[in-house]
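Residue-level listing of the chains:
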Amino acid sequence: MRIAHTIAEARAARADLPATCGFVPTMGFLHAGHRTLMDHARAECQSLAISIFVNPTQFGPGEDFERYPRDEVRDLAMCEAAGADLVFMPTVHEMYPAGATTTVTVGGITSVLEGAHRPGHFDGVATVVSKLFHIMQPDRAYFGQKDAQQLLVIRSMVRDLDMPVTIVACPTVREPDGLALSSRNVYLSPEERMQALSLSRGLRQTAAAFTEGVRNAPRLRGIVEREVAAQPLARIDYVSLADADMLAELDGEIVAPALLSMAVRFGRTRLIDNAVLTP
Ligand code: AMP
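Residues numbered from 1 in each chain as written. Predicted model: local features only at pLDDT ≥ 70, side-chain atom pairs only at ≥ 80, totals over all residues. Heavy atoms only, no water.

The next thing to look at is the packing of aromatic side chains. Using the criterion set out here, one finds five aromatic pairs in the structure. A centroid spacing of 6.3 Å and a plane angle of 70° characterise the contact between Phe23 and Phe133, whose relative ring orientation is edge-to-face. Highlighted residues: Phe23 in strand β2 (residues 21-26) and Phe133 in helix α6 (residues 121-136), separated in sequence by 110 residues. Exposure class is identical for Phe23 and Phe133. Each is buried. Look at Phe53 and Tyr96: their rings are 6.3 Å apart centre to centre, the planes differ by 40°, and that puts the pair in the tilted class. On the criterion of sequence distance, the pair formed by Phe53 in the loop between β3 (47-52) and α3 (72-81) and Tyr96 in the loop between α4 (92-95) and α5 (114-117) is long-range, its members being 43 residues apart. Residue classification places Phe53 among the buried positions, given a relative accessible area of 6%. Feature note: the residues Phe23, Phe133 and Phe143 constitute an aromatic cluster, connected by ring pairs. (Phe/Tyr/Trp six-rings, centres within 6.5 Å; stacked < 30°, edge-to-face > 60°. Helix = DSSP H or I, 4+ residues; strand = E, 2+ residues; numbered from the N terminus. Buried < 20%, exposed > 50% of the residue type's maximum accessible area, 1.4 Å probe, protein only.)

When you line up the elements, Thr269 lands in strand β9 (residues 269-277). Ignoring anything within four residues of it in the chain, the contact list for Thr269 reads Arg184, Tyr187, Leu188 and Val264. (Contact = heavy atoms within 4.5 Å.)

The next point concerns the side chain of Ser51. Here Ser51 shows up in strand β3. Once residues lying within four places of it in the same chain are set aside, the contact partners of Ser51 are Phe23, Val24, Pro25, Thr26, Phe88 and Leu132.

A sheet is described by the order of its strands in space; here three strands give the open sequence β7-β8-β9, paired in antiparallel fashion. Two strands bound the open sheet, and with one partner strand each, they are β7 (234-243) and β9. Between one strand axis and the next, the sheet turns through 10° on average, direction left out of account. Strand direction decides the pairing type here: strand β8 (residues 258-266) and β9, joined by nine bridges, are antiparallel. Pairing of Phe266 across the sheet is with Thr269, part of β9. Packing of helix α9 (residues 217-229) onto the sheet brings it into contact with β7, β8 and β9, and relative to β7 it is tilted by some 160°. (Pairing = 2+ DSSP bridges. Axes fitted to C-alpha atoms, helices over the stretch in contact; angles between N-to-C directions.)

What the rule picks out here adds up to 15 salt bridges. Here Arg74 ties to Asp71 by a salt bridge, and the two come within 3.4 Å at their closest N and O atoms. For Asp273, the salt bridge identified is with Arg174, shortest N-O distance 2.9 Å. With Asp273 in strand β9 and Arg174 in the loop between β6 (166-170) and α8 (190-211), this residue pair connects regions lying 99 residues apart in the sequence. In this structure Arg174 comes out as partly exposed when scored by relative accessible area, which is 31%. (Salt bridge = Lys/Arg side-chain N within 4 Å of Asp/Glu carboxyl O.)

The next thing to look at is the environment of His40. Relative to the helices and strands, His40 is located in helix α2 (residues 32-44). Measuring from C-alpha to C-alpha, the distance between His40 and Leu203 comes to 25 Å, with 163 residues separating the pair along the chain. Excluding its chain neighbours within four sequence positions, the residues that come into contact with His40 are Tyr142, Cys170 and Pro171. Within the local environment of His40, its side chain forms a polar contact with the backbone oxygen of Thr36, the two atoms lying 2.9 Å apart. (Polar contact = N/O pair within 3.5 Å; in protein donor to acceptor, adjacent residues only side chain to side chain.)

A few words now on the site of the ligand. Close to the ligand lie 17 residues; Met27, His34, Asp147, Val173 and Leu181 are nearest. One of the backbone nitrogen or oxygen atoms of Gly144 is found 2.9 Å away from an oxygen atom of the ligand. Asp147 is positioned such that a nitrogen or oxygen atom in its side chain is 2.7 Å from an oxygen atom of the ligand. When the ligand sits alone it has 480 Å² of accessible area, and the protein chains cover 92% of it. (Near = heavy atom within 4 Å. Areas by Shrake-Rupley, 256 points an atom, 1.4 Å probe, with all protein chains shown as cover.)

Following this line, the structure appears as structure tokens:
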């Protein structure tokens, strides 16, 4: 496994990798959710490249960039165990040298949900993923359904800018009690963590109602909203039930795949989770 810290090193190492190359971009503090992306890539591709970079441009002012958890030694051990050929771990200065002024902006779907609550977030995501694709030149890149809107944004960018990479989505990995794995879960106090289970519980309850035939969007949205709002420490940023392609909020009957998604704060920790409801 080669470790590259500079773009030049990454390009040189990439040139030695056989096609097809699978790529997993991450912000590190790796967990089993990241590992499942690596496993999918390893199974489907001849070579596996991973990036670990806490990207400052996708954090807003007052967000957790400075305190975002980091553990380089453990991350590299996980990459090695997953059979990675190359790990790219650049510094902020390497990715954004003084004078860098270009930003990739995806329109449409970035104005709602995460985009509405985190202004500039998806500009940061699209710009860094675009740079990483140019550096790593992957054939296939793997993203988690956990960040459902991010996945749509990346797909739009790749389509609109004719990037020669196949985007592969992998299902959300959860703790046995339902909590979606996230690097940010380490911030949660035991009490917050217990109440955070309301997110996945609400999603399960809504999915069960949907399976039983409930199709009315406000009614379905209300199930998860009530479950989460019942937690004294929960502060809801949004609960959304939107069409799964354009993210337009639904207020009638569900007749096509719909994305049920939410962002909820517990103290200083902001959690997101989602499920797709398919009629
Ligand atoms: P991050 O390091 O949080 O930026 O995430 C890197 C990639 O891992 C993104 O494509 C995420 O969607 C994905 N990911 C994060 N958490 C999970 C999870 N619990 N299950 C599946 N994929 C995940």
